[in-house]
Every structure is written in structure tokens, then in C-alpha cells.
Amino acid sequence: MSNTAEPHYLPQGDEVALYEAAYAARLPVMVKGPTGCGKSRFVEYMAWRLGKPLITVACNEDMTASDLVGRYLLDAQGSRWIDGPLTQAARTGAICYLDEVVEARADTTVVIHSLTDHRRALPIDKKAETVQAHPDFQLVISYNPGYQSLMKDLKPSTKQRFVAFEFDYPDALQEVAILQGETGLDAERARTLVSLAHTARNLKGHGLAEGVSTRLLVYAAQLMGQGVAPAAACRMALVRPITDDADIRQSLDHAIDALWG
Amino acid sequence: MYGKAPPVVEPQFEHPQWLAAWRELDCRLPGVQAVFEACMASTLARLSEDQQHGLWGIGRQLGKPGRGPEPVKAWLTHWPEVVTQLDDAPLDDVMALVLALHRSPNSAAITPLLGSLATAAKRLGSAEHLRHYLQLVQQFMQQTTGSIHGRQQTQPSPGLVPLLEQVPRLLQLVSLSGLRRWVEHGARVHHHHPQHQADYFALQSDDSLAMLQRQRHGTLLVDAQRTLSLSLQALCKQDTPLVPLSGDDAGPGRPTPIYQADPQHPSLGLPDVLEPLNGVDALTRYRLMLLHAAGHRLWSTPCVADNWSPMQRLAVEGFEDARIDRLLLQRWPGLRTPLLALLPPVVEGACNEAEYACLRHRLAVFNRAVLDPRFDVHDPHLQDFVRAFEAALQANANTSAMAELALRWVARTRRPSDQQPSVFFEGTQLDWRDDNRHLWRFIEDGDEEDTQPSARHDTAPELHSLPPRLYPEWDHVNQTERPDWVKVYEGLHPSGNPRELDRLLTQHQALMRRLQRVLDRMKPQGRERLRRLELGSELDLDLAQQAWMDWRLGHNPSERVQQHWRTNERHISVQLVMDLSASLAEPAPGSELTVLQLSQAAVAILGWTLAQLGDDLAIGGFHSNSRQEVRYWHIKGFSEAWGDAPLARLAGITPAWSTRLGAALRHGSRTLLQRASPRKLLLVLTDGEPADVDVSDPDYLAQDARQAVLHLQDQGVLVWCIQLHPAHEASVQTVFGRHYTLVSHLGQLPQTLTQLFLRLTH
């Protein structure tokens, strides 16, 4: 929310200015990039910077259109309509952020179509009502192209409605700075952590679906801040979560031993 | 008239001891004297008097029985070695075995036996173990020597001589217990086939090499290959293929890693097996080799070698290797511990310049000085160069700067003794370094030997077919797998005329119409409504109204008023494996059609059914002609649409040969296991029991197939057998447990097969 403290975000390029331009034109925004590279943090930061409320919805495969739009609930007086987060954002003029939107089923994502073109309206069939979006309303979705399976991809008709930012893991120097900014880790250990992350990212496509994210690096640094030995912290935060494959685990463990000495 | 034998001329030895020994040996066979003279000096120096008497005495005995001079020569050559290794060498046991060989048809094995003793004594290290070795040979001899009608042994053991000839090499590779397992395996499985037995023990067959590989101690490269490749990818972003180098590429020790920097086909040869060394485990040793070679790839550039002497090249390699190692340590400081543990503890002055060429030693001391921070050097030249090396590293020196430094070092430290023929090797070989062939570029063609590891050529060339795949087979007698035992050749089945099947199918029109109605009901409906949920995705208005009325009437309303839609899709992969053995051509009882024709009709209907339902189906057939030739034919692939092409292949089936079920299951399930569908079904259509021409044990193939089925079940595949012949129920139970259907009336096969499928998948 806009009145909270400034989220820590280190710009990688001119994405802040571009986002501001997109918001000024109220264009729907898509943020692409691998898990844990800072997509959500970027959206939080922009909402804070623009001074707009942010409503985040974590999408999952059981999510239905009702979860976004709203539903009737029963109470003592009978049935009562409750707005879903999307409707709420459209009414109040918030930024609605649908995180990992490909996780939601394709028929669910179709409800956002009318909000993302010139109509800027959300029809609610069950109430026979059309909510006209507040002038401040903006829709942002995040999307991880790493899940490139047929089952988990956005429909072309959905993709066509957004302007997009492509994120990747920050470069080594920036990632070191992020680690230091987030956790106060010293530069030497932050550098080693980042080079370990690069080691693991080299295995993407060779048995690892995704590399080690910046978020996991932050976790490792936090564990080290708690006094955990670096090698143990790396095993716990960087290796064990991302793989069950014994050979990959062994290779990464070896890389940890080789780097930390 | 008989000619008079020429008088025996006694050689004239100056030394009385030599003459006495020669008389004691008392052997005039040709060539023996030369061997006697060659070994005499060292024998006198090394053996005690008793041992010498034993040597000559046994030598005399060996010369008498008329087996020629070879046993005596082998004895004189090798026994002194054995006695030097083992003070209490088991002379009596050796003689007992020699006598047993002499009395059996295996007397040709006496010489190779004596020849193997020296290596055996050296590798086994105790008289006790040597005795076990002799017992092993004796048992093997008794087991494999052929007899007629079980009475008198008349046929020599086909594998004994090849085995004994290989023993020196085998004992370099495996321990005595490993050798025992390898020998027992070969003796058992090749008992009835002399030629195969000889090939096995001469290490000429695939299964022999595979079995030997399993007995080796240490970590095999094949086992570590994946994790090593991953390390290479992770740490250096390189995907150089790893090639195993077998032990005898470079003599008795382990082979030196070879990095081929060919830009088209780079490869890294690593020893095929490694053991822990100095507390460093084998995997870490492999990784150091890997990273050193990767370091060369990252940081080394080739130099022109033509104008440099071998010594200069050696020095350049030494300096460049040291630079690479330092860069590795800089990047991965954790490598220091294993690297220092493997670094030979060379010390200055260990090499005597009066006797040896010490260049390699000086280079090793230099290497230790720059790699081991705790090592101090005293030689001022060496100190200068260590300083210069450190300065060059600071300045990010490249290969040519290192080469320049190395050439200066050679010029400064050159000694006349460096030209001596005997080179001081001790402690000069660093475990993780490769042979640096990638570092040199020759402008003129040299005569360097090409030692690039090449593919084995001992497999028979196979034309017009994919190379065979080797599969193991389960040996139920001793509960182990026979590795690489069966060769499976796969191919696309030749096509026949699909219209013949149409004729068969017309007889089953009624069945197909009935099926069509069933299938229409079974087709996935896409979405399914789940009602009466407490937490669903939306309100179920009917139920909500009911609850509302209950509430108003004062009853307890149900809270389950929501509903949810669920997608309901069939996602199943089916692999049908057909037994195409010769018995399929027999007429089916009670029908004018053959078993083959009924099977074809049934499979065609099944294929049609699955195409209707949209399920993935692959069809394959198999038959076998001994373990050397199992044929697996593809009739329909998973991604292929049901149509004329698969029907034509189905129509083209010609039954032949036998049923090696286990190998077919292992091969046929490979693509099935790779399918993404959560449910996998493997159907086996057979009219016989597992049997093959080269197997006499009736249980063997059934137990092997049982293992294959269990293995598939572990991987989540439902394996179901359709047995067309009621007589084989017992065997089918052994293999498939309760997962089988017996077709009592063959005319009903099409119905049975399709109904079974629907029952299993609905």
C-alpha cells in the first residue's frame, strides 16, 4: 500500500520510467521473468512510487472466475454479494496485480479481457451489472515464460492486451548490491553467493527447470546473518529447495565446497 | 640300424656354484640354458640356499614329463619373483596344481599358470591369497574340463589357457574376490559353449568386459559421468563429452587424462575407474581432473612446438599447468584441500644428479613451491622464479608469457645431467593434470603417436539396422543380473497389404458397432460438475434455495450449497507388445483362422478403439533367435495416427523364432516410460511361454521376465498379459502374478481384448 515504507528495489535499467509512462496511459502491463528475479518487488515499488493502492492476487490452478470477480455468500438475511479482488480494484482505482497468472486456468483469465481494452469495464453476469473501471485502475500480470508447456501458457488473445517488461536475474554487481541492501551482508560473501548462483543457473536446461533466484540468495544471506555457516546456509537455501536430483545436488554441493573452501 | 645319440656336452661355467646349480637342474631341453644363464645372477643374489635348491629341483621335475622346455623356462623366469615377493610361497600347492594339470587334458595350461604366478604374488601380497588363487584355478579346471559320458575327462577346458593368460591383466584391475566372481560367472553361463567360454576368458566378448567392469573397485567413470558433466556445466559452462580411458592405455598405472581441444569435437578422456587417494575420494579426483582440463580450455592458448626441445616443452607445460591450477584455486578456494592432499611431497635435492636426469624433479619442486603455501624453497634460482611466477600471475600473464618464463627457467637451471637416460620420475606426476596435447600446435607433421581414444572395434558390424541395444538378464540361480547379456535389434516392421485385415474385420462388424455405442458413452466429457460442496467455486442455486427454505422453515439448512467444475480427461498411454514367435502360425482350435489372424483382428480392433477414445497407443512385436539376436519390430508409434500405415505393418507380420520376453519388455517399455501421461499400461499378447534356443533351464527366462515386470511395476506401469494358450497358465502366473487374462475361446479374442482394455482403463 502506498502509505507503507519504500520497498527496496534497485532499477536494472529504464523500467521505472517506462512503467510510469504505461501507467500514465493506463495501459495494462505484463511483467515476465524467471521465479524470484524481482517481478513482484518491482510492482510493489511502482505502486508505492505512484502512490496507488496495490491489490495482489496469487493465482493458482483451482482459481475460478468467481475468485476474481466476486460471489454470493449466504448470511442471516439471505444471499449477499462480495466483490472479488479484481472488482474491488476496478471500483476503487487500485493497481490489481495478478501474480503468476498462467497458474490460473485459461477460462479464468478471459474475465480480464474487457478490463484490458478500450472498454475498461468488468461485466458481472451474476449481478447483471457492469463495473466501469475507476480512472486510476490498472491491471498488471506477471508471467513466468519458464513454464513453457502447452498446458501453461497464456492465450494469444490474452497476451495481445498487454505491454510487457522482460525481467531477468540482475547482473552480478547489481545482485551483490541487492544482497547487501536487503540483508547487510559483507561484499566478499555476497560476491561468493552470487557466483554460486551463476553456477546453478548454468544448469538450467541441464536438469534444473529454473536457476537459483535472487530471492533464494537473500534467504541464504539471511541464514548467514543468523550465524549459520556459509556452506550449510547455501545447501539449505540454494540447493535443497531447487532439486531432488541426486547428481545435480552432488554437483552443486561440490561447487559450494569449492567456492567457500 | 639305430643312430647313436650325440654325447651330452655339459656347458662350461666358470663359477662352481653355477655348475652345481646346472647339474641340479639337470635339464638339456633346448633354450633352457639361455634362460638359466639369464636368471642365474639375480637368483644367486636374492634367493636363500634352500630356495635355490627348491628352484632347481622343481625345474628338474618339470623338465622330465615330456611337456617340452616351456614349463621349465617359465618356472625359472617367474618363480624367483614369487619367492622374492613372498618368503613363505606355497610351493607345495603350486606343485599339486601343476601335477593335477599334468594328469588332466589341460597340460597346456602349465606354462601360463607358472607365468601368472609372479603377478599374482605381487598383487595378492600374501601366501594365503596366492593359495586361494590356486584353488580358484583348480576349481575352474574341474568345472570346465569336458568329459565323455561323465566318466573320464578328455576335453581340455576351453577357458583355462585364455584365463591364465589374462590373469596378470585381470589382477591389475580387480581384487581376488572380484576375479573369483568374474570367473565363476563365466564358468556358469558359458558352461555349454566352448567357443563362448574361450571368448569370455580371453576378454573378447561384451558380457565379459561388462562383468569385469562391475567387479572393479573404486568409482567407475560411467557411474559418475552425469554428476561430472553437471559440474562442468555448472562451474565452467562447458559441455565437453567425457570419454572413459581404460587402464591399459598407459601401462599398469591409471591413464593420464586426455583433453582433445578439437573445436568440432572436443572431448575429455578420464580414467575409467578411480580409487580414493591420500584421503581424497574418487569423485573429487575426477572433479580436479575435469576442472584442470576446463581451465585449460578457458585460459590456455596453443603454442607452436616445432622450435622447442622436448625439455623446453616439458617446462612450458609445467609452468602453464601451475598457472592454471593457481587460477582454479583463485576462483574456487575450496579446491585447495584436495589439491594439496594429492600434491606429491617432493623435497629439494631428493634427486641425485649423478645418477638421474633431474629436470622433471626440479619442475615438480617448482610446482609444489607455487601451489603449497607452506612449502619453503632454498635454492636461490628457484626462489627467483617463484617470485617471477607470482608477479606474472599478478599481471594476468597468458600462456605465452608463461612459456617465456619457462624457457628462461630451462636456460638458467640446465644441468649436463639432464641428458642422462635414466629419468627421475618419483613424485613428478600430478594426479589431476592431463597430458597437455592441446597445448601444442605442430607446423610440420611429426611422428607423434595418435593416442586418441577410439571406439571399440570388437563388435560385429551390423548393416541395414540400428546398432543393437544391450540389456541385462536376471540370473535367478545366483540372484544377480548378467550385464549386457542380450542384444536387441529394433526396426520398423515390413509392410503387408492392409486390405487383408479389412476382410478379417468385416467378420467383427457387429462387435465394432456395439463397441461404438460403449465408446460414445466413455468419451471424456471435458467438464464434470461436483455438487454439494462446502467450499466450491460458485453457488449452486438450487441447493441454495433449498437451504434458504429450510432456514425459513426453522430446519437446519445444509451448508453444502456450492458447486465446482472439474475437467475430466483421459490421459493414458498404452503399449501393446505382441509375441511374434513361430507358434503364432498354428491354426486356432475351433476356428478356421490361425492364431495370427485372430490376433491381427483383435489388435486392429483395439487400435481402432483407442483411436476413437483418443488414447495414446504404440504397438510392437518381438521374437528372438538366441540372446545374440532379439528382434523388436515397431508396428505403430505413439505419435503415429491409426491408419493404413500401421495396419499394413500389422498385416505384414510373419511369425518366426522364439519368445525372449524379458528383453522385449525392457526394450518395449522404454518409450512408454518416457511418456508424460500419468497412467501407463503395457499389454502383452502371447501364445507361449518364455523360451529360446540357447536356454535349457525352463525357469530362467520366466524368472527374468518376472524381474522385468516387477521393475516396470515399480515405475508405475500396469503390466497385463493376455495369454492365448490355456496350457501356459502356470508360466504366465510366474511372470505376471495375477495380472493376466486367459483367453479360453480364441474366436472371442477381439471382444476379450477390447473389453479387457476398457475394464483396465475405465
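A.B. asks: An account of the overall build of chain A is needed here, citing residue identities and associated values.
C.D. replies: Scanning chain A from N- to C-terminus turns up eleven helices and nine strands. A fraction of 70% describes how many contacts in chain A between residues 6 or more apart in sequence connect residues 24 or more apart.

A.B. asks: Explain the overall build of chain B residue by residue, including any values.
C.D. replies: The helix and strand inventory of chain B stands at 27 helices and 20 strands. For chain B, the proportion of its 762 residues judged to be buried stands at 39%. In chain B, the share of contacts with a sequence separation of at least 24, taken over all contacts with a separation of at least 6, comes to 73%.

A.B. asks: Can you break down the interface of chain A and chain B residue by residue, with the values?
C.D. replies: At the junction of the two partners, chain A supplies 25 residues and chain B supplies 20 residues. Residue assignment for the side of chain A that touches chain B shows that the elements contributing at least two residues are strand S3 (70-75), strand S4 (78-83), helix H8 (187-201) and helix H11 (246-260) of chain A. When residues in the side of chain A that touches chain B are grouped by element, the largest group, eleven residues, is from H11(A). Its residues assigned to classes, the side of chain A that touches chain B comprises ten nonpolar, twelve polar and three charged.

A.B. asks: Hey, could you go over helix H17 (residues 380-394) of chain B for me, with residue numbers and the actual values?
C.D. replies: One turn of the α-helix equals 3.6 residues, which is why residues spaced by three or four share an orientation. The end-to-end C-alpha distance of H17(B) is 21 Å, a good match for the 21 Å that 15 residues give at a rise of 1.5 Å each. The positive-phi residue at the C-terminal boundary of H17(B) is Asn396(B), with phi of around 55°.

A.B. asks: Now, about the sheet that holds strand S5 (residues 258-260) of chain B: what can you tell me, with residues and values included?
C.D. replies: All names here are of chain B. Spatially, S4-S6-S5 is the arrangement adopted by the three strands of the open sheet, whose pairing is mixed. Unpaired on one side and paired on the other, strand S4 (242-245) and S5 mark the two borders of the sheet. Neighbouring strand axes in the sheet, compared pairwise and without regard to direction, differ in orientation by 20° on average. When S5 meets strand S6 (residues 267-271), the two strands line up antiparallel, connected through three bridges. By the bridge assignment, Tyr259 is partnered in S6 with Leu268. On the sheet, helix H13 (residues 282-299) packs against S5 and S6 and is oriented at approximately 155° with respect to S6.

A.B. asks: Describe the nonpolar core, with residues and values.
C.D. replies: Grouped together as the largest cluster of nonpolar side chains are 63 residues, with contacts concentrated most on Leu576(B) and Leu682(B). Ignoring sequence-local partners within four residues, the contact set of Leu682(B) consists of Gln575(B), Val577(B), Ser669(B), Leu672(B), Leu712(B), Val717(B) and Val719(B). Counting 62 residues, the second-largest nonpolar core is a separate cluster that includes Leu217(A), Ile256(A), Leu235(B) and Leu290(B).

A.B. asks: Hey, could you go over helix H2 (residues 39-50) of chain A for me, with residue numbers and the actual values?
C.D. replies: All names here are of chain A. Compared with the 16 Å implied by 1.5 Å per residue over twelve residues, the 17 Å span of H2 between its first and last C-alpha is a close match. Every buried residue belonging to H2 is among Lys39, Ser40, Phe42, Val43, Glu44, Tyr45, Met46 and Ala47, and all of these are buried. Against helix H1 (15-24), strand S1 (29-32), strand S2 (54-58), strand S5 (95-99) and strand S8 (138-143) lie the buried residues of H2. Downstream of H2 by a residue or two, Gly51 has a phi angle that is positive, lying close to 70°.

A.B. asks: Describe the sheet that holds strand S10 (residues 469-475) of chain B, naming the residues involved and giving the relevant values.
C.D. replies: Residue and element names in this part refer to chain B. The mixed open sheet is built from eight strands, whose spatial order is S10-S11-S17-S16-S15-S18-S19-S20. Of all strands in the sheet, those with a lone pairing partner are S10 and strand S20 (740-742), marking the two edges. Between one strand axis and the next, the sheet turns by 25° as a mean value, whatever way the strands run. Where S10 meets strand S11 (residues 480-492), six bridges bridge the pair, whose relative direction is antiparallel. Note on S11: the bridge partner recorded for Asp475 is Thr480. Against the sheet, helix H25 (residues 700-714) makes contact with S10, strand S18 (679-686) and strand S19 (717-723), and its axis sits at roughly 140° relative to S19, the strand it touches most. Packing against the sheet, helix H26 (residues 729-736) makes contact with S19 and S20, and its axis sits at approximately 175° to S19.

A.B. asks: If you had to explain the environment of Ala604(B) to someone new, which residues and values would you point to?
C.D. replies: Residue and element names in this part refer to chain B. Within the secondary structure, Ala604 is located in helix H22 (residues 595-613). Between the alpha carbons of Ala604 and Pro750 there is a distance of 8.7 Å; along the sequence they are 146 residues apart. Residues in contact with Ala604, not counting those within four places in the same chain, are Leu501, Leu505, Leu647 and Leu650.

A.B. asks: An account of the pairing of S5(A) is needed here, citing residue identities and associated values.
C.D. replies: All names here are of chain A. Taking burial as the measure, the five residues of S5 include four buried ones, the bulk of the element. As paired strands, S2 and S5 are joined by five bridges and run parallel to one another. Across the sheet, the residue bridging to Ala58 is Asp99, located in S5. Inspection of the sheet shows S5 paired to S8 by four bridges, in the parallel sense. Across the sheet, residue Ile95 finds its bridge partner in S8, namely Gln138.

A.B. asks: Help me get a handle on the packing of H13(B) against helix H14 (residues 310-331) of chain B, residues and values and all.
C.D. replies: Residues and elements named next belong to chain B. H14 packs onto H13 with a crossing angle of 100° between their chain directions and a minimal axis gap of 9 Å. Classified by the interaxial angle, the pair formed by H13 and H14 is roughly perpendicular. Contacts between H13 and H14 pair Leu291, His292, Gly295, His296 and Trp299 from the former with Ile324, Asp325, Leu327 and Leu328 from the latter. Residues that form the contact of H13 with H14 fall into these classes: five nonpolar, three polar and one charged.

A.B. asks: Report on the confidence of the model for chain B, specifying residues and quantitative values.
C.D. replies: Residue and element names in this part refer to chain B. Here chain B averages 83 in pLDDT, and 93% of its residues register 70 or above. With pLDDT under 50 throughout, residues 248-252 is counted as low confidence; its partners more than four residues away or in other chains account for five contacts. In this model, residues 453-463 is a region of pLDDT below 50 whose contacts with residues beyond four sequence positions or in other chains number eight contacts. Reported for the predicted complex are a pTM of 0.58 and an ipTM of 0.73.

A.B. asks: Provide a residue-level description of the environment of Thr145(B), including the pertinent values.
C.D. replies: Residue and element names in this part refer to chain B. With respect to the helices, strands and loops of the structure, Thr145 is situated in the loop between helix H7 (127-144) and strand S1 (146-148). The exposure class of Thr145 is partly exposed, given the 18 C-beta atoms found within 10 Å. Residues Thr145 and Gly159 lie 14 residues apart in sequence; the distance between their C-alpha atoms is 9.1 Å. The contact partners of Thr145, leaving out residues within four places of it in the chain, are Ser104, Pro105, Asn106, Gln153, Gln155, Pro156 and Ser157.

A.B. asks: Just give me the short version of unusual backbone geometry, but keep the residues and values in it.
C.D. replies: Here the phi dihedral of Arg120(A) falls at roughly 45°; this positive angle occurs in a residue that is not glycine. Structurally, the position occupied by Arg120(A) is in the loop between helix H5 (106-109) and strand S6 (121-124). Residue Arg120(A) is classed as partly exposed on the basis of its 19 C-beta neighbours within 10 Å. Positive phi, normally seen in glycine, also occurs at Asp484(B), with a value near 45°. With respect to the helices and strands, the residue Asp484(B) is situated in strand S11.

A.B. asks: Tell me about the packing of H14(B) against helix H18 (residues 399-413) of chain B, and please be specific about residues and values.
C.D. replies: Residue and element names in this part refer to chain B. Two elements in contact, H14 and H18, have axes whose closest approach is 8 Å; the angle formed by their N-to-C orientations is 130°. Accordingly, the angle class assigned to the pair H14 and H18 is oblique. You can see that H14 and H18 cross each other, and the crossing is right-handed. Together, Met311, Gln312, Ala315, Val316, Gly318, Phe319, Glu320 and Arg323 of H14 and Thr399, Met402, Ala403, Leu405, Ala406, Leu407, Trp409 and Val410 of H18 make up the contact between the two elements.

Analysis parameters
- Each chain carries its own residue numbering, running from 1 in the direction its sequence is written.
- Naming scheme: in the order in which they are written, chains are lettered from A and ligands are numbered from 1.
- Two thresholds apply to this predicted model, a pLDDT of at least 70 for residue-level local features and 80 or more for giving and counting side-chain atom pairs, whereas whole-chain, interface and lining totals are computed over all residues.
- Working definition: helices are DSSP H or I runs of at least four residues, strands are E runs of at least two. Numbering for both runs from the N terminus.
- In this description, any two residues whose backbone-derived C-beta atoms lie within 7 Å of each other are considered to be in contact.
- For every residue, the other C-beta atoms within 10 Å of its own C-beta are counted; 20 or more classify it as buried, 12 or fewer as exposed, and values in between as partly exposed. C-beta atoms are placed from the backbone.
- Amino acids are sorted into nonpolar (Ala, Val, Leu, Ile, Met, Phe, Trp, Tyr, Cys and Pro), charged (Asp, Glu, Lys and Arg) and polar (every other residue, Gly among them).
- Each residue after the first adds 1.5 Å to the expected span of a helix.
- Criterion used throughout: strands pair if DSSP finds at least two bridges between them.
- Axes, fitted as lines to C-alpha atoms, cover a helix only where it is in contact. Angles between the N-to-C directions of the axes lie from 0 to 180 degrees.
- Think of a nonpolar core as buried Ala, Val, Leu, Ile, Met, Phe, Trp, Tyr and Cys residues chained together by C-beta atoms that fall within 7 Å.
- Angles are sorted into four bins: roughly parallel if under 35 degrees, roughly antiparallel if over 145, roughly perpendicular if 65 to 115, and oblique for all others.
- pLDDT measures the predictor's confidence residue by residue and takes values from 0 up to 100.
- Crossings are classed by handedness, with left-handed meaning an anticlockwise turn of the near helix from the far one by less than a right angle and right-handed meaning a clockwise turn.

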